[in-house]
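Coordinate analysis (summary)
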Amino acid sequence: MREKEKSGEVERAANPVGFALAPLPDDPRVAALRQLGWRVATEPEEPGADTSRVVLVDLRRGPPVGLAAMGPAIATMRGALVALLPDQTAFEAAFEAGATHVVAEPFTVELLDAALLLAARHVERLALAGGRRRAERTVIAPNDPGSEIRSVAGSVQEQLLAGPTALMLVGLKRFDAINAAFGRVTGDALLVAVERRIAAAAREVSAGTAIVARSDGTDFIVVPGQMGITGRLALADRIVTQIERPFMAGDHFVALGACVGIVDTRTGDRESDVLRRAQVALAAARDDDVPVRVLSEKDEGTALFDAGLETDLRRALHNDEIDILFQPQVSVTTGRIIGVEALARWRHPQHGELGAETLFSVAKRSDYLTALSTHVQRRAATRAAAWPIVLEKLRLSVNVTAEDIGRPGFVETFLAMIDETGFPRARLTVEITENGLIEDLNAAATLLATLRAEGCRVAIDDFGTGYSSLAYLKALPLDYLKIDKHLAQDIAGTPRDRIVVRGVINMARSLGLAVIAEGVETEEQLTLLAQEGCNYYQGFLCAAPLTVEALAELVTQRSLPAPSISGARR
């Protein structure tokens, strides 16, 4: 790829393609991007509206020619526009020009790199939301060596109905790292190559009777036809061997690995039933680090356990098994508890306490998510309305799902429910993940604005797991930004990890948002977050989710003066 010193296209090996709209200045910070893995070329390698892009534009010397048309074009192609600004007073002009991320003077090359990394993540998430990376169920006819991959709806189900057989689920190893290193286009081409090798192995071992199908993500389905266990194991071993042979990725050889989960089918099985059991077998193979795993009675018990939970959940709401605990949110500067997040716990009569992640995952699979979410919100507000005096000034944060905000009349119903409990709206914060808002940004902005106008505050939850865009945040009426726990914990990792967290905090502060870090577990993490300007934190460093009684005791203790620790308090 040709290189120029002052202009061209910026691409980082592990991120989507980008380019400079105007000549890049003689700036050593821009030049240093090459040393961090970005490379500069004169034109896109694969031009076209469907190519992911991160556009870098220098606004420090005024807008370049073509800028007015660039913002809409970037939005159309689901890209990101990173603007270099003379100072922070130019934020508004950058947003008006369509910038999604900004870097203002004075800045370091590390901050510029962090902005490009966030922009790359933004592009990848938009690609997922837009469906460009949505896996299409495809089937290869193994008995036709020259056949093209094509969509064949129902082929797997037809094979399952033909008689007792098996289903194999093939999972890849190391694909995510290779996809990150070489980009989406190379990754997609690699998946096609993998699929063809699986088809060739199936054709060789099954004499053309097997069906190979691309499942969601990077997994593949193989239905081997009428074949005994010995033949199935031979086919699975052959598939693993074929995938372990090196692949070409551009000018490089890359090595993948694979493991296979195998399950028998039963009379009346639907594809979804068999696939669920196969996923359990594949997970067991990965956990045990073995190439092939046939579903055992123990493994199947796990699958049946999950199915049983779906049935149990409907009973749990009526039997008062869903309880609420409260995790403190703490001021970084004073160490005082200023609020709590309500978290659900399922006190299952047979399996003990199950956390919110398991609970909501089961609810989503069983189409009971809306009922569960409403139950948790009402229970949390009811409990908080009856708090003792020592807790009467705390804020309460409740989670709202994407399914909630998609319901007609949600705001009116939600506020009426809160009012019925007696908890004041002025002390209520509504938390929603960024992934739950992106499908219809305008509708989401209207909904959040209504909640704020009615007295509530609004927080964007798990920031750093989704689009991480400054312009995206600017479009939404928010009060708080909650940094995802993994991102917050990364601050104690490499220098680059800290720079990314710093970029997120600066992004929030530029929009006047208070920052809450989730999952803080160590004094080191807290000290570093305090140094970067984080306002609040929650996590096990302060306390696990607590009952009302335990919370009241902790708040009483923390109301007493406490010594500072490196500029912050626990």
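Residues numbered from 1 in each chain as written. Predicted model: local features only at pLDDT ≥ 70, side-chain atom pairs only at ≥ 80, totals over all residues. Heavy atoms only, no water.

**So, the overall build of the protein chain**
Inclusion rule: Strands here mean DSSP runs of E at least two residues long; helices mean DSSP runs of H or I at least four residues long; both are numbered from the N terminus. Whether two residues are in contact is decided by their heavy atoms, any of which lying within 4.5 Å being enough. The Shrake-Rupley method, run with a 1.4 Å probe, gives the accessible areas here. Residue values count only the displayed protein chains as cover.
A tally of regular secondary structure across the protein chain gives 20 helices and 23 strands. In the protein chain, the proportion of contacts linking residues at least 24 apart, taken out of those at least 6 apart, comes to 70%. On the protein chain, roughly 25100 Å² of surface is accessible, and the fraction owed to carbon and sulfur atoms is 52%.

**Points about the confidence of the model for the protein chain**
For clarity, the threshold we go by: Each residue carries a pLDDT score, the predictor's own confidence in it, on a scale running from 0 to 100.
In the predicted model, the protein chain carries a mean pLDDT of 75, and 70% of its residues have values of at least 70. When the criterion is pLDDT under 50, residues 41-52 qualifies, and its contacts beyond four places in sequence or with other chains add up to 30 contacts. Under a pLDDT of 50 for its full length, residues 562-570 has, in the predicted model, 27 contacts with residues more than four places off or in other chains.

**Observations concerning the packing of aromatic side chains**
Quick reminder of the rule: Within 6.5 Å between ring centres, the rings of Phe, Tyr and Trp (the latter by its six-membered ring) count as paired, and their orientation is classed by plane angle as stacked under 30 degrees, edge-to-face over 60, tilted in between. Only protein chains enter the accessibility calculation, which uses a 1.4 Å probe; a residue whose area is less than 20% of its type maximum is buried, one above 50% is exposed, and one in between is partly exposed. Criterion for a charge above a ring: Arg CZ or Lys NZ at most 6 Å from the ring centre, at most 35 degrees from the ring normal.
Applying the stated criterion to the full structure yields three aromatic pairs. Ring geometry for Trp 387 and Phe 423: centres 6.1 Å apart, planes at 90 degrees, overall edge-to-face. Note that Trp 387 is positioned in the loop between α12 (369-385) and β18 (395-399) and Phe 423 in the loop between α14 (410-421) and β19 (428-433), a separation of 36 residues in sequence. The pair Trp 387 / Phe 423 is uniform in exposure class, with both members buried. Grouping aromatic residues by their ring pairs yields a cluster made of Phe 326, Trp 387 and Phe 423. Positioned above the aromatic ring of Phe 247, the side-chain terminus of Arg 197 is 3.6 Å from the ring centre.

**Re a nonpolar patch on the surface**
Basically, it comes down to this: Residues enter a patch when their relative accessible area is above 30% and they make no salt bridge; the linking distance is 9 Å between like charges and 5 Å between nonpolar side chains (Val, Leu, Ile, Met, Phe, Trp, Tyr). The term salt bridge refers to a side-chain nitrogen of Lys or Arg lying within 4 Å of a carboxyl oxygen of Asp or Glu.
Residues Ile 229, Leu 233 and Val 294 make up a contiguous nonpolar surface patch of roughly 210 Å² in combined accessible area. As for its placement among the helices and strands, Val 294 is situated in strand β14 (residues 292-294).

**Side note on unusual backbone geometry**
For Arg 174, which is not glycine, the phi dihedral falls at a positive 70 degrees. Along the polypeptide, Arg 174 turns up in the loop between β8 (166-173) and α6 (175-182). Judged by its relative accessible area of 47%, Arg 174 is partly exposed.

**Observations regarding the pairing of strand β22 (residues 514-517)**
As a reminder of what qualifies: Should DSSP find at least two bridges between two strands, the strands are regarded as paired. Seen with the strands pointing away from the viewer, any crossover whose path from the first strand over the helix to the second strand runs clockwise is right-handed.
Going residue by residue along β22, you find Ala 514 and Ile 516 tucked away on one face and Val 515 and Ala 517 tucked away on the opposite face as well. Relative to β22, strand β21 (residues 480-483) runs parallel, the two sharing four bridges. Opposite Lys 482, over in β22, you have Ile 516 as the bridge partner. Handedness of the β22-helix α19 (residues 523-532)-strand β23 (residues 536-537) crossover: right-handed.

**A look at the nonpolar core**
Counted only if it meets this: In this text, buried Ala, Val, Leu, Ile, Met, Phe, Trp, Tyr and Cys residues form a nonpolar core when linked through side-chain atoms within 4.5 Å.
Within the largest apolar cluster, 87 residues are counted, with the highest numbers of intra-cluster contacts made by Ile 322, Trp 387, Leu 396 and Phe 414. Take this core: its biggest share by element is seven residues, from helix α18 (residues 495-510). When near neighbours in sequence (up to four residues on either side) are disregarded, Trp 387 contacts Phe 326, Val 340, Leu 394, Arg 395, Leu 396, Phe 423, Arg 427 and Val 548. Ile 178, Ala 210, Ala 236 and Ile 243 belong to the second-largest nonpolar core, a separate cluster that totals 29 residues.

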